[in-house]
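Read off the chains here:
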Number of protein chains: 2
Amino acid sequence: MSENLTEIFKYIMHGVYIIGVASGDQKNAFTAAWVMQASFDPPLLVFSINPKNRSFNILKQGGICSINVLDCEQMELAEHFGHSCDTDKMTICKWQKAKTGAPILMDSLAYFDCEVSHYADAGDHQLVICRVVDAAILDGQGSPMCYNMTGDMDKSSEIFPEKL
Amino acid sequence: MSENLTEIFKYIMHGVYIIGVASGDQKNAFTAAWVMQASFDPPLLVFSINPKNRSFNILKQGGICSINVLDCEQMELAEHFGHSCDTDKMTICKWQKAKTGAPILMDSLAYFDCEVSHYADAGDHQLVICRVVDAAILDGQGSPMCYNMTGDMDKSSEIFPEKL
């Protein structure tokens with residue numbers, strides 16, 4: 001292991017997404033990169049979440065989420081929803097209630113409206129396996145953001161262990 | 001759901017990888033797109049595999065794999081390892097044994113040498129959660145292939161259900 005782990009792991013391609021969660025009157029949204037498809041039929045998406053994330057409790061209670069695809073020009077939104085903050089992060093954007101009740105980010109390129117199927121352990125994160133119940137393209141002209149365009153926005157270089 | 005599911009799911013960003021597996025004298029390799037990071041510490045990767053894939057049995061027996069990142073110019077390799085065939089698919093490439101014993105594709109941009117940690121159900125696929133025990137960049141000049149560059153190479157448009 002001569003190279004820095006942060007650099008090597010950038011070779012795994014990820015997009016950048018805002019994941020919206022809701023349970024009763026509570027809702028929240030956060031930036032995530034670790035999202036992928038996992039099954040064709042039923043169509044499943046899976047994402048990995050830090051269980052310390054405030055949204056995780058809302059997700060577990062509500063059992064629903066929206067996965068909203070960011071455009072490569074939406075770096076500010078990615079950064080905004082990448083931090084936890086005391087005020088309501090969601091007020092700066094326009095949202096619409098999905099079929100499941102999850103908040104859809106209307107400025108995203110496409111969204112997936114999901115019901116949580118089940119969870120699986122994954123080290124310092126949890127895998128959330130989601131059944132897609134609705135989905136649509138909102139802006140067919142854009143190009144999805146790639147995580148490796150975001151530099152060290154998420155400070156991941158400080159989180160990786162020093163070596164394997 | 002007005003749009004075609006294949007088109008909508010292309011908004012989820014994936015790379016393209018050759019996953020190498022080995023158990024005793026048996027080895028195989030196959031093309032995969034559904035790969036992502038799942039944890040920082042320990043560093044985990046997760047991929048989704050069709051359990052009908054011949055490599056799945058070898059993976060379960062051996063408990064090791066290499067995840068090799070393809071360059072955007074390596075479409076022919078992606079296609080070659082996307083099919084099962086009667087002859088040994090692996091002879092056309094140069095491989096090297098990783099620390100775990102998994103075969104590393106020496107023509108890839110970077111590789112991750114992994115031990116399987118555990119599995120999780122995911123519809124018509126299985127999630128494989130892998131601990132990365134070694135990794136290196138082999139070619140720092142290339143750009144990883146994106147799955148959405150591959151068109152309908154994997155005939156996924158025939159596999160998705162007609163609607164959600």
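Nothing here was measured: the structure is a model prediction, and the numbers come from that model.

Undergrad: Could you clarify how one ought to interpret the overall build of chain A in this entry?
TA: A count of helical and extended segments in chain A gives three helices and nine strands. Ordered by position from N to C terminus, the α and β elements of chain A give α-β-β-β-β-α-β-α-β-β-β-β. Here the C-alpha radius of gyration of chain A, 15 Å, is about what a compact globule of 164 residues would show, namely 15 Å. In terms of overall dimensions, chain A has a C-alpha envelope of 50 × 40 × 35 Å along the principal axes.

Undergrad: Would you mind showing me how to read the environment of A33 of chain B here?
TA: Residues and elements named next belong to chain B. Looking at the secondary structure, you find A33 in the loop between β2 (26–32) and β3 (35–39). When the 26 C-beta atoms within 10 Å are taken as the criterion, A33 is described as buried. Measuring from C-alpha to C-alpha, the distance between A33 and V69 comes to 10.0 Å, with 36 residues separating the pair along the chain. In this structure A33 touches H14, G15, V16 and Y147, once residues within four positions along its chain are discounted.

Undergrad: How should I be thinking about the interface of chain B and chain A in this particular structure?
TA: Size of an interface: often given as the accessible area lost when the parts come together. Taken together, the 47 residues of chain B in the interface contact 47 residues of chain A. Of all the secondary-structure elements, those providing two or more residues to the side of chain B that touches chain A are α1 (5–9), β3, β4 (44–49), β8 (110–122) and β9 (125–137) of chain B. Within the side of chain B that touches chain A, the residues separate by chemical class into 35 nonpolar, eight polar and four charged.

Undergrad: What's the story with the pairing of β4 of chain B in this structure? I'm lost.
TA: For a regular strand, side-chain orientation follows a simple rule: the groups alternate between the two sheet faces. All names here are of chain B. Burial analysis of β4 places six of its six residues in the buried class, the great majority of the element. Neither face of β4 is left uncovered, since the one carrying L44, V46 and S48 and the one carrying L45, F47 and I49 both have all their residues buried. Counting the residues that bridge the hairpin from β3 to β4 gives four residues. By the bridge criterion, six bridges tie β4 to β9 in an arrangement that is antiparallel. Note that in β9 the partner of I49 across the bridge is Q126.

Undergrad: Could you clarify how one ought to interpret the relation of the copies chain B and chain A in this entry?
TA: Two chain copies, one operation linking them: a rotation about an axis together with a shift along it. After a rotation of 180° and a shift along the axis of 0.0 Å, chain B superposes on chain A with an RMSD of 0.0 Å. What the rotation and shift describe, once combined, is the action of a two-fold rotation axis.

Undergrad: Quick question: what am I supposed to make of the sheet that holds strand β5 (residues 64–69) of chain B here?
TA: Residue and element names in this part refer to chain B. The strand order across the open sheet formed by seven strands is β2-β1-β5-β8-β9-β4-β3, and the pairing between neighbours is antiparallel. The outermost strands of the open sheet, each flanked by one partner alone, are β2 and β3. Across this sheet, the average inter-strand angle for adjacent strands is 35°, counted without regard to direction. Running at roughly 55° to strand β1 (residues 17–23), helix α2 (residues 54–62) makes contact with β1, β2, β4, β5, β8 and β9 of the sheet.

Undergrad: Please explain the sheet that holds strand β1 (residues 17–23) of chain A as it appears in this structure.
TA: Sheet strands pair via backbone hydrogen bonds, and the direction of the pair is either parallel or antiparallel. Residue and element names in this part refer to chain A. Across the sheet, seven strands lie side by side as β2-β1-β5-β8-β9-β4-β3; this open sheet has antiparallel pairing. The sheet is open, and its two borders are formed by β2 (26–32) and β3 (35–39), each paired with just one other strand. Between one strand axis and the next, the sheet turns through 35° on average, direction left out of account. By the bridge criterion, six bridges tie strand β5 (residues 64–69) to strand β8 (residues 110–122) in an arrangement that is antiparallel. Its bridge partner lying in β8, C65 is registered against C114.

Undergrad: Could you clarify how one ought to interpret the pairing of β2 of chain B in this entry?
TA: All names here are of chain B. The element β2 is largely enclosed, with a buried count of five among its seven residues. Pairing between β1 and β2: seven bridges, direction antiparallel. Within β2, the residue paired with I19 across the bridge is F30. Hairpin remark: β1 followed by β2, antiparallel, with two residues in the connecting loop; positive phi at G24, about 60°.

Undergrad: Sorry, what's going on with the nonpolar core here?
TA: Taken as a class, soluble globular proteins show a tendency for nonpolar side chains to be buried jointly. Among the nonpolar cores identified, the biggest contains 106 residues, and V35, L45 and V46 of chain A together with V35, L45 and V46 of chain B are the most heavily contacted of them. With residues up to four places along the chain from it excluded, the contact list for V35 of chain B reads I12 and M36 of chain A together with G15, Y17, L45, F47 and I67 of chain B.

Thresholds, definitions, all that
- Residues numbered from 1 in each chain as written.
- Chains lettered and ligands numbered in written order.
- Predicted model: local features only at pLDDT ≥ 70, side-chain atom pairs only at ≥ 80, totals over all residues.
- Helix = DSSP H or I, 4+ residues; strand = E, 2+ residues; numbered from the N terminus.
- Rg over C-alpha atoms; globule rule 2.2 N^0.38 Å.
- Buried ≥ 20, exposed ≤ 12 C-beta atoms within 10 Å, placed from the backbone.
- Contact = placed C-beta atoms within 7 Å.
- Nonpolar A, V, L, I, M, F, W, Y, C, P; charged D, E, K, R; others polar.
- Pairing = 2+ DSSP bridges.
- Least-squares fit on C-alpha atoms with pLDDT ≥ 70 in both.
- Axes fitted to C-alpha atoms, helices over the stretch in contact; angles between N-to-C directions.
- Core = buried A, V, L, I, M, F, W, Y, C linked by C-beta atoms within 7 Å.

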